[in-house]
Amino acid sequence: MSDIRAVLTDIEGTTSSIDFVKDVLFPYARKHLPAYVETHTDEAEVQHWLSEAAKEANIVEASRGEIIDLLIGWIDEDRKSTALKALQGLIWREGYESGVFTSHMYPEVAARLRAWHAQGLKLYVYSSGSVAAQKLLFGFTEMGDLTPLFSDYFDTQTGHKRETDSYRKIAEAIGLPPGQVLFLSDIKEELDAAREAGMRTTQLIRPPQALTDAGHPAVADFDAITP
């Protein structure tokens, strides 16, 4: 893959454990969302995302309590809502900055990202979590602040991760032909969409899952990837 000039990586199941998001971040946001909305409702950014959530649910008029209940329901169903993800990111910021938690990284990830960066590869993130949440996750890791390694971040405002056009937009934003971008993910459907857009792909299948042939090169960790 010597023609690869950029690595675009997913987060959950790829750089970081799904359990960290499911067992730490989601419960924290669920617990603190009502109080956060009540105490920050006058802030323009919070008002914007509450309004966007109402639009997404086709609600013309709703009380603050109804919107909170809507968002809690979306957390429980893991809805890929841009408004919800943005609000979760704002809540998680408080948790990270107060030291309640640090984000999980698989053991080899930080060193490998640093090595790729030192080699001159451009590094990017594409996750269903908001850009703000992505920056927090990489900024408060067990391995230190990794955000200086990344050139840019993409979320569902670019497009959904199983849609081919999303990857075309990212390649255009990066300024590289899709064939010079390597996309890393644990989800076959995301990899399929990226490959259809012309990107190179590698699937992360973390132990104890067994490596299987899903139509993409498959590895167990970042150390097995040679861009």
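Scroll up a little and you will see the structure.
Residues numbered from 1 in each chain as written. Predicted model: local features only at pLDDT ≥ 70, side-chain atom pairs only at ≥ 80, totals over all residues. Heavy atoms only, no water.

1. Concerning the overall build of the protein chain
Secondary structure summary: the protein chain contains eight helices and six strands in total. Listing every helix and strand of the protein chain by position from the N terminus yields β-α-α-α-α-α-β-α-β-α-β-α-β-β. The C-alpha radius of gyration of the protein chain comes to 18 Å, within 12% of the 17 Å expected for a compact globule of 227 residues. Considering only C-alpha atoms, the protein chain reaches an extent of 55 × 35 × 30 Å along its principal axes. Pairs at least 24 apart in sequence give 67% of the contacts found in the protein chain among residues at least 6 apart. (Helix = DSSP H or I, 4+ residues; strand = E, 2+ residues; numbered from the N terminus. Rg over C-alpha atoms; globule rule 2.2 N^0.38 Å. Contact = heavy atoms within 4.5 Å.)

2. Notes on the packing of helix H7 (residues 164-174) against helix H8 (residues 188-196)
Two elements in contact, H7 and H8, have axes whose closest approach is 7 Å; the angle formed by their N-to-C orientations is 55°. Taken together, H7 and H8 sit at an angle that is classed as oblique. Along this stretch, H7 crosses H8, giving a crossing that reads as right-handed. Contacts between H7 and H8 involve Thr 164, Tyr 167 and Arg 168 from the former and Glu 190, Ala 193, Ala 194 and Glu 196 from the latter. Partitioning the contact of H7 with H8 into residue classes produces three nonpolar, one polar and three charged. (Axes fitted to C-alpha atoms, helices over the stretch in contact; angles between N-to-C directions. Parallel < 35°, antiparallel > 145°, perpendicular 65-115°, else oblique. Left-handed = near helix turned anticlockwise from the far one by under 90°. Nonpolar A, V, L, I, M, F, W, Y, C, P; charged D, E, K, R; others polar.)

3. So, the packing of aromatic side chains
Counted by the stated rule, this structure contains 11 aromatic pairs. Between Phe 20 and Phe 101, the ring centres sit 6.4 Å apart and the planes meet at 75°, which makes this aromatic pair edge-to-face. Pair noted here: Phe 20 is in helix H1 (residues 18-40) and Phe 101 is in the loop between helix H4 (82-97) and helix H5 (109-118), with a separation of 81 residues, a long-range link. We classify Phe 20 as buried; its relative accessible area is 8%. A centroid spacing of 5.5 Å and a plane angle of 20° characterise the contact between Trp 116 and Phe 222, whose relative ring orientation is stacked. Highlighted residues: Trp 116 in helix H5 and Phe 222 in the segment after strand S6 (218-219), separated in sequence by 106 residues. A relative accessible area of 1% means that Trp 116 is categorised as buried. Lying across the ring of Tyr 126, Lys 161 places its NZ or CZ 5.5 Å from the centre. For the cation-ring pair, Arg 206 lies above Tyr 106, with the distance from its terminal atom to the ring centre recorded as 3.8 Å. (Phe/Tyr/Trp six-rings, centres within 6.5 Å; stacked < 30°, edge-to-face > 60°. Buried < 20%, exposed > 50% of the residue type's maximum accessible area, 1.4 Å probe, protein only. Lys NZ or Arg CZ within 6 Å of the ring centre and 35° of its normal.)

4. Notes on H4
Between the first and last C-alpha of H4 there are 23 Å, a value that for 16 residues agrees with the 22 Å anticipated at 1.5 Å per step. Here H4 lies mainly inside the structure; 12 of its 16 residues are buried. Those residues of H4 that sit buried are Ala 83, Leu 84, Lys 85, Ala 86, Leu 87, Gln 88, Gly 89, Leu 90, Ile 91, Trp 92, Gly 95 and Tyr 96. On its buried face, H4 sits against H1, helix H2 (44-56), helix H3 (64-76) and helix H6 (131-139). (Expected span 1.5 Å × (residues − 1).)

5. A closer look at the sheet that holds strand S2 (residues 122-126)
Sheet architecture is open: six strands sit in the order S3-S2-S1-S4-S5-S6, paired in parallel fashion. Lying at the two open borders of the sheet, with one neighbouring strand each, are strand S3 (150-154) and S6. In this structure, strand S1 (residues 6-9) lies alongside S2, joined through four bridges in parallel fashion. Note on S2: the bridge partner recorded for Val 7 is Leu 123. Against the sheet, H6 makes contact with S2 and S3, and its axis sits at roughly 140° relative to S3, the strand it touches most. Packed on one face of the sheet, H7 meets S1, S2, S3 and strand S4 (181-185) and runs near 145° to S2. (Pairing = 2+ DSSP bridges.)

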